[in-house]
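So the chains spell out like this:
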Amino acid sequence: MNNFIQNYEFILENLSKFEISFDFKQIRKPKLSNLELIAMNLTAEYMGIISECQLFRDISSTYLASKIERSVYNKRKRMLFPYIEKLRKQIANKFNEFEDVFIIDSMPLEICKNARASRSSICKELDYALPDKGYCASQQMYYYGYKLHGICSLNGVFQSVEITPASVHDIHMLKDIKWEYKKCTMLGDMGYLSADCQLNLFETVNIKLETPMRKNQLDYKKQPYIFRKSRRRIETLFSQLCDQFRIRQNFAKSFIGFKTRILSKITALTLIQYLNKFVFNRSINKLKVNLV
């Protein structure tokens, strides 16, 4: 995991196999192509390099140093956001094309401490994507920033992700999933408990929403063990994003930069899962492994 160039060249070789055009109209043809820039970005995320300053220190003595400057790298990476998302979805479809059971959950993304929230200028350039204060019930804490909503398959591959302000309740995501999913089972925690939403999803797109009941509810029944066990898969994914990909450490100052960093980390995770299954034929969720 220590040789950046070897990992970069291996990831670039495998990315070139996907049928996606990463090119768009540019006045001058860059020395580092868009595909190479995405491969460089995903390699950095895989190796746990979360600082662009550290990244350019690592490549200073390699042939990549003469191909791109740090400021240009940052601007072009943000421009490539929709292409990175296309790549992530295409990789995910390799796993989830015939899946009919998914898991939905959310996790907090703090951009600064609560004490700095009132004077922070981070991610405030867009009126429609302002951060705010929210509460995380599982960690019993208030925080300032955003919330990452994720839907993954039973084998642990993210099918879709979305970032919302921290105050947005989990249950509001159920209104959006019916535009992308149908005829499937969705497993969620008690944050998604709503009889009205369950009925609406089932009647409109035949989605069966399975959530545990509260103990003080009438006709309380404990959720079957298989559902409780399966739902832990997404919690493990969130832990891996925090541990190996350090998703909660934010250095971005703009919302565009912030969401690009989050998407890059999730795409890198999905790419490693793809390489584990289709290249190395090993367990897809063993992420702390050498590629070369």
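In this report, the structure presented in the accompanying data block is examined. Residue numbers here run from 1 along each chain, matching the order of that chain's written sequence. For a predicted model such as this one, the threshold for reporting local features is a pLDDT of at least 70, and the threshold for listing and counting side-chain atom pairs is 80 or more; totals across whole chains, interfaces and linings nevertheless cover every residue. Calculated side-chain values reflect all of the structure's heavy atoms, with hydrogen atoms and water omitted.

Here we look at helix α9 (residues 255-278)
- The end-to-end C-alpha distance of α9 is 34 Å, a good match for the 34 Å that 24 residues give at a rise of 1.5 Å each.
- Of all 24 residues that make up α9, 20 are buried, and the element is covered over most of its length. Helix and strand assignments come from DSSP, with helices taken as H or I runs of at least 4 residues and strands as E runs of at least 2, each series counted from the N terminus. What a helix should span is 1.5 Å times the count of its residues minus one. Burial classes: relative accessible area under 20% of the type maximum marks a residue as buried, over 50% as exposed, and values in between as partly exposed (1.4 Å probe, protein chains only).

Details of the side chain of N276
- For N276, the location among the structural elements is in helix α9.
- It only takes one pair of heavy atoms within 4.5 Å for two residues to be counted as in contact. Ignoring sequence-local partners within four residues, the contact set of N276 consists of N281, R282, S283, I284, K286, L287 and V289.

Quick look at the pairing of strand β5 (residues 184-187)
- Burial along β5 is two-sided: the residues C184 and M186 and T185 and L187 are all buried.
- Strand pairing follows a simple DSSP-based rule, namely that at least 2 bridges must link the two strands. Across 3 bridges, the pairing between strand β1 (residues 101-112) and β5 is parallel. In the strand pairing of β5, F102 is matched with M186.
- Both β5 and strand β6 (residues 207-210) contribute to a ladder of 4 bridges, which runs parallel. Within β6, the position partnered with C184 by the bridge is I207.
- Orient the strands so they point away from the viewer; a crossover is then right-handed if the path from the first strand over the helix to the second runs clockwise. In this view, the connection linking β5 to its parallel neighbour β6 by way of helix α7 (residues 195-205) has right-handed handedness.

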